[in-house]
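Structure at a glance
What follows is each chain in one-letter form.
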Amino acid sequence: MNKRLYKALLITALALTFSPVFGQKKYQSLLWEVSGNGLAKPSYLYGTMHVSEKLVFQLGDPFYDAMQSVDVVALELEPENWLDDMFAEDGFSRGGSLGEDDGYDYYGGYSGGSIFSNMFVYSDEIQNNVSNILSYNPPLLNYMLFRFDSYGEGADFEENTWLDMYIYQTGKRLGKKTIGLETYQQSSWYGMLAEREERNSKVQKRYDDKDRKKLFELQSQIEQAYRRQDLDLVDSISNTTNGKAFNKYILFARNGVFVNTIDSVLKSGQSIFAGMGCAHLPGGEGVIESLRKM
């Protein structure tokens, strides 16, 4: 075996369906194996869509074999921690002013200081009361996890959950440890930074009906690209339709957080199945290339 090859971190596409590769396309799969570089066993990356349409549930044996083989299953956020995270760090107080140095570094997350303003401060008593109400019969969480409630609403959904939640449920059924690739605070923070930069941008494009129609047509192609596992096209559409601030914070900055979390799990000697929105995987600053560089 070539020792130089063995020492490299290998990230290899695993085809879930037969999908032709044309030209110089590099990202033609939703499922990627991470191996080599001294890893005891492979880990996996999987590109999801935050929808419940049947097209995203065309899953095969490689998908389930990968989940079965790992120690940890991860999504962008850990569902069980959502409510706690929303209360923590004054998490409901979106909309406060952001200073130039608010205690966050670009990739690593919170490094000290105040994240949010104190526009809304909840006492321990209020937090406990709200938590007790939600824990008694949490329809919001049931809706998030199962897309069905006690009133029968949601029966017309194509599937009974989002793909992300299906991965979470499957991981739980398999007895896997589940984690989030980021925290609620990190996700919210980067969203606020993107909103601020877009709002303060000197060049703000005004969209007319023709622009909006073209934008809608481009975005509607993402589902077809996803069906074909063509992440090259997903990346191209994202770069065309997303604003600079969105790409900078919602994609690239969060990619850095995801990669650091995955790296921590791998360095601990565990293997991971990491599911994330498919647009996070491809491209020069995507999760695949970022892991390869590390």
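Small disclaimer: the values here were computed from a predicted structure and weren't measured.

Scoring rules and cut-offs
- Residues numbered from 1 in each chain as written.
- Predicted model: local features only at pLDDT ≥ 70, side-chain atom pairs only at ≥ 80, totals over all residues.
- Heavy atoms only, no water.
- Buried < 20%, exposed > 50% of the residue type's maximum accessible area, 1.4 Å probe, protein only.
- Helix = DSSP H or I, 4+ residues; strand = E, 2+ residues; numbered from the N terminus.
- Pairing = 2+ DSSP bridges.
- Phe/Tyr/Trp six-rings, centres within 6.5 Å; stacked < 30°, edge-to-face > 60°.
- Core = buried A, V, L, I, M, F, W, Y, C linked by side-chain atoms within 4.5 Å.
- Contact = heavy atoms within 4.5 Å.
- Salt bridge = Lys/Arg side-chain N within 4 Å of Asp/Glu carboxyl O.

1. Points about the pairing of strand 3 (residues 43–48)
Most of strand 3 sits inside the fold, with six of its six residues counted as buried. Where burial is concerned, the two faces of strand 3 agree: the one with Ser43, Leu45 and Gly47 and the one with Tyr44, Tyr46 and Thr48 are both buried. Examined bridge by bridge, strand 2 (residues 31–36) and strand 3 share four bridges and lie antiparallel to one another. Following the sheet pairing, leucine 31 is matched in strand 3 by tyrosine 46. With antiparallel pairing between neighbouring strands as the criterion, strand 2 and strand 3 make up a hairpin whose turn holds six residues, including asparagine 37 at a positive phi of roughly 55 degrees. For strand 3 and strand 8 (residues 272–277), the ladder comprises five bridges, and the chain directions are parallel. Within strand 8, the position partnered with tyrosine 44 by the bridge is phenylalanine 273.

2. Considering the packing of aromatic side chains
This structure, assessed with the given rule, holds five aromatic pairs. With a centroid separation of 5.5 Å and 85 degrees between ring planes, the pair formed by phenylalanine 63 and phenylalanine 273 is classed as edge-to-face. Taken together, the positions of phenylalanine 63 in helix 2 (residues 61–69) and phenylalanine 273 in strand 8 put the pair 210 residues apart, joining distant regions of the chain. According to the relative accessible area criterion, phenylalanine 63 is buried, its value standing at 0%. Taken together, the aromatic side chains of Tyr46, Phe63, Tyr64 and Phe273 make up a single cluster linked through ring pairs.

3. Some details on the nonpolar core
Across soluble globular proteins, nonpolar side chains show a tendency to be buried alongside one another. If you look at the biggest cluster of nonpolar residues, it comprises 49 residues, and the most contacted ones within it are Leu45, Tyr46, Ile262 and Phe273. Sequence-distant contacts of leucine 45, that is, excluding residues within four places in its chain, are made with Leu30, Leu31, Trp32, Val34, Ile262, Ala274, Met276, Leu281, Val287, Ile288 and Leu291. Ranked by size, the runner-up nonpolar core spans eight residues in total, among them Trp189, Tyr190, Ala194 and Ala253.

4. Quick look at helix 6 (residues 163–173)
Think of an α-helix as turning once every 3.6 residues; residues three or four places apart then point the same way. Of all 11 residues in helix 6, nine are buried, a share of seventy percent or more. By the burial criterion, the buried members of helix 6 are Leu163, Asp164, Met165, Tyr166, Ile167, Tyr168, Gln169, Thr170 and Gly171. Looking at the residues trailing helix 6, positive phi occurs at glycine 175, about 75 degrees.

5. Examining the pattern of salt bridges
In total, this model carries nine salt bridges according to the counting rule given. The shortest N-O distance in the salt bridge between lysine 248 and glutamate 197 comes to 3.3 Å. Within this pair, whereas lysine 248 is found in helix 10 (residues 244–267), its partner glutamate 197 is found in helix 7 (residues 184–200), the two being separated by 51 residues in sequence. Taking relative accessible area as the criterion, lysine 248 reaches 31% and is therefore assigned partly exposed. Given a relative accessible area of 30%, glutamate 197 falls into the partly exposed group. Taken together, the salt bridges that share partners define one network made up of Lys26, Glu289 and Arg292.

6. Some points on the pairing of strand 8
Regular strands place side chains that alternate from one sheet face to the opposite one. Most of strand 8 sits out of view: six of its six residues are buried. Inspection of the sheet shows strand 4 (residues 72–75) paired to strand 8 by three bridges, in the parallel sense. Across the sheet, residue valine 73 finds its bridge partner in strand 8, namely phenylalanine 273.

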